[in-house]
Amino acid sequence: MAKNDPKIGVVLASGNIKAFSAIPLFEFLETEQIKPDSLIGCSGGSIVAAAFGSGMSAAEVQSKTHQFLDKRLFAKRDLRSLMGMYNLPFGRFNKTSGFIKPDRILNLYHDVFGDRKLEDFPTRTLFQVTEYDTGLGKIIDHGPVAEAIYASGAIFPILPPIEIDGTYYVDGFFTSSLPVMEAVKRRMDVIIALVFEDPIHPAPRSFLSCFNNIYKMQSAALTRYQTAMAIDLHDHEIIVIKVPFSRTIKMWETDAVPNIIEVGRKAVEAKKREIFSAIETFS
Amino acid sequence: MKIEEKSINDIPVLKLYGRFDSLTSEHLEERLTSVIEAGASNICLDCQAVEFISSSALRILLSGLKKVKRNQGTIVLAAMSDQIKEVFDLAGFLELFAVHNTCEEALMMLQ
């Protein structure tokens with residue numbers, strides 16, 4: 001890359017399985033030999049950012065999607081935490097609790113990424129997390145990958161926080177579901193930010209549907225405020241790509257993967273000219 | 001990219017045409033600054049013919065908004081296509097600017 005080439009940052013929002021719709025963006029970048037200087041993910045976006053940051057190709061990431069979308073990952077309930085929620089005898093709920101035991105998810109991340117550390121990745125890769133005790137948004141940019149990805153997606157109280165170096169972390173979505181400000185702070189010139197949207201359920205009839213609705217509304221509001229601030233502080237182009245889904249997609253809907261990738265492909269296709277233009281007009 | 005300027009009831013109306021990106025936003029900045037320096041506090045931007053607007057052009061609009069706010073003024077946006085409105089929405093700018101369906105509506109609000 002020549003000295004005056006722009007630094008490219010790719011930001012992937014939270015959005016669980018929908019974050020795999022970013023695969024066509026990376027295919028496009030690979031084809032055009034545009035190499036991102038940093039990848040910043042939040043929650044589901046962190047899984048995809050980690051996969052590409054570790055050096056996997058778009059085809060390799062696509063071939064691994066089924067590993068990340070296994071319903072059994074979420075099947076081990078923590079009965080003590082569930083009883084604790086209702087103050088039942090033998091129940092317990094505190095900041096280390098969660099309805100689902102995290103072991104299988106952590107094991108999966110260890111299976112895929114081994115004991116690698118973020119600083120060893122060929123592309124700078126960062127994860128948005130939230131510090132449980134202070135509520136502050138933080139970035140994990142070093143240390144073991146598996147624990148950092150888990151932290152970025154630990155949606156408390158469904159999943160318990162994770163302790164890393166004495167600090168408890170939960171899902172980055174609580175503080176910045178689209179961490180575009182981090183890309184501005186890291187002086188990325190062209191920032192490509194993918195945001196994954198599915199509709200608010202009009203008549204939620206379960207705890208999860210209601211929870212998801214609030215999750216989406218909070219996330220959308222935060223994203224708007226933080227993107228506006230990022231645009232104000234930035235000095236070149238931020239390209240926000242909305243990947244719109246027509247319905248809610250469950251975490252383990254492996255059958256939906258081809259459609260998820262197709263939706264991403266269309267969204268990226270519509271923004272290619274803008275990406276080229278942002279790169280070409282950088283001086 | 002082209003910008004046409006007119007005045008309706010002493011309110012400057014800038015009609016924007018075409019694509020606004022980091023190359024062309026400098027021109028937008030010049031025109032906006034010149035209108036503000038000429039004493040305008042309220043400005044209407046007719047966006048009907050805007051085909052594309054990038055974040056650098058949005059930044060120019062925000063900078064203009066900050067300037068007119070100092071004089072208790074505002075910038076209103078009118079006649080945006082759905083596509084351009086979505087760009088403003090994703091950028092969080094719909095909450096910063098008043099947006100109207102037509103220039104007439106926007107001017108009525110300013111008066």
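Keep in mind the model is a prediction, meaning the values are calculated, not measured.

A. Inspection of the interface of chain B and chain A at higher detail. Taken together, the contact between chain B and chain A spans 20 residues of the former and 19 residues of the latter. Of the roughly 1700 Å² buried where chain B meets chain A, counting both sides, 50% is carbon and sulfur surface. Looking only at chain B, the three residues that lose the most surface to chain A are S55, R59 and L90 of chain B, adding up to 35% of its buried area. Run the count over chain B and chain A and you get four salt bridges. With a shortest N-O distance of 3.0 Å, D232 of chain A and K66 of chain B are connected by a salt bridge. When contributions to the side of chain B that touches chain A are tallied by element, the ones reaching two or more residues are α2 (55–69) and α3 (82–90) of chain B. Here the residues of the side of chain B that touches chain A sort into eight nonpolar, five polar and seven charged.

B. Structural context of unusual backbone geometry. Residues F156 of chain A and P157 of chain A are joined by a peptide bond in cis, for which omega reads 10°. Within the chain, R187 of chain A stands out as a residue other than glycine whose phi angle is a positive 60°. Inspection of the secondary structure assignment puts R187 of chain A in the loop between α7 (180–185) and β7 (190–197). We note that Q72 of chain B has phi near 60°; this positive angle belongs to a residue other than glycine. Considering the arrangement of structural elements, one finds Q72 of chain B in the loop between α2 and β4 (74–78). Take Q72 of chain B: its relative accessible area is 71%, and that puts it in the exposed class.

C. Representation of the packing of helix α3 (residues 58–68) of chain A against helix α5 (residues 103–113) of chain A within the structure. All names here are of chain A. At a minimum axis separation of 11 Å, α3 and α5 run at an interaxial angle of 155°. On the basis of the axis angle, α3 is roughly antiparallel to α5. Viewed along their axes, α3 and α5 form a crossing whose handedness is right-handed. On α5, the residues touching K64, Q67 and F68 of α3 are L108, Y109, V112 and F113.

D. Quick look at the packing of aromatic side chains. Following the criterion strictly, the structure yields 14 aromatic pairs over all chains and no others. On the numbers, 6.0 Å between centres and 20° between planes, the contact of F93 of chain B with F97 of chain B is stacked. Each of the two residues, F93 of chain B as well as F97 of chain B, counts as buried. Chaining the aromatic ring pairs together yields one cluster made of F93, F99, Y132 and F156 of chain A. Over the face of the ring belonging to Y17 of chain B we find K2 of chain B, whose NZ or CZ atom lies 4.6 Å from the ring centre. When the ring centre of F52 of chain B is taken as origin, the NZ or CZ atom of R19 of chain B, which lies over that ring, is 4.3 Å away.

E. Expanded view of the pairing of strand β3 (residues 124–131) of chain A. Residue and element names in this part refer to chain A. Among the eight residues that make up β3, seven are buried, leaving the element largely enclosed by the rest of the structure. Where strand β2 (residues 38–42) and β3 come together, five bridges link them in parallel fashion. Along β3, the bridge assignment pairs I40 with L126. Pairing of β3 with strand β4 (residues 137–140), which is carried by four bridges, proceeds in the antiparallel orientation. In the strand pairing of β4, V129 is matched with K138. Linking β3 back to β4 in an antiparallel pair, the connection comprises five residues, with G135 at a positive phi of about 75°. The pairing of β3 with strand β6 (residues 167–171) spans three bridges and is classified as antiparallel. Its bridge partner being in β6, V129 is matched across the sheet by D171.

Reading guide: rules and limits
Residues numbered from 1 in each chain as written. Chains lettered and ligands numbered in written order. Predicted model: local features only at pLDDT ≥ 70, side-chain atom pairs only at ≥ 80, totals over all residues. Heavy atoms only, no water. Contact = heavy atoms within 4.5 Å. Buried area = accessible area lost by both parts, 1.4 Å probe. Salt bridge = Lys/Arg side-chain N within 4 Å of Asp/Glu carboxyl O. Helix = DSSP H or I, 4+ residues; strand = E, 2+ residues; numbered from the N terminus. Nonpolar A, V, L, I, M, F, W, Y, C, P; charged D, E, K, R; others polar. Buried < 20%, exposed > 50% of the residue type's maximum accessible area, 1.4 Å probe, protein only. Axes fitted to C-alpha atoms, helices over the stretch in contact; angles between N-to-C directions. Parallel < 35°, antiparallel > 145°, perpendicular 65-115°, else oblique. Left-handed = near helix turned anticlockwise from the far one by under 90°. Phe/Tyr/Trp six-rings, centres within 6.5 Å; stacked < 30°, edge-to-face > 60°. Lys NZ or Arg CZ within 6 Å of the ring centre and 35° of its normal. Pairing = 2+ DSSP bridges.

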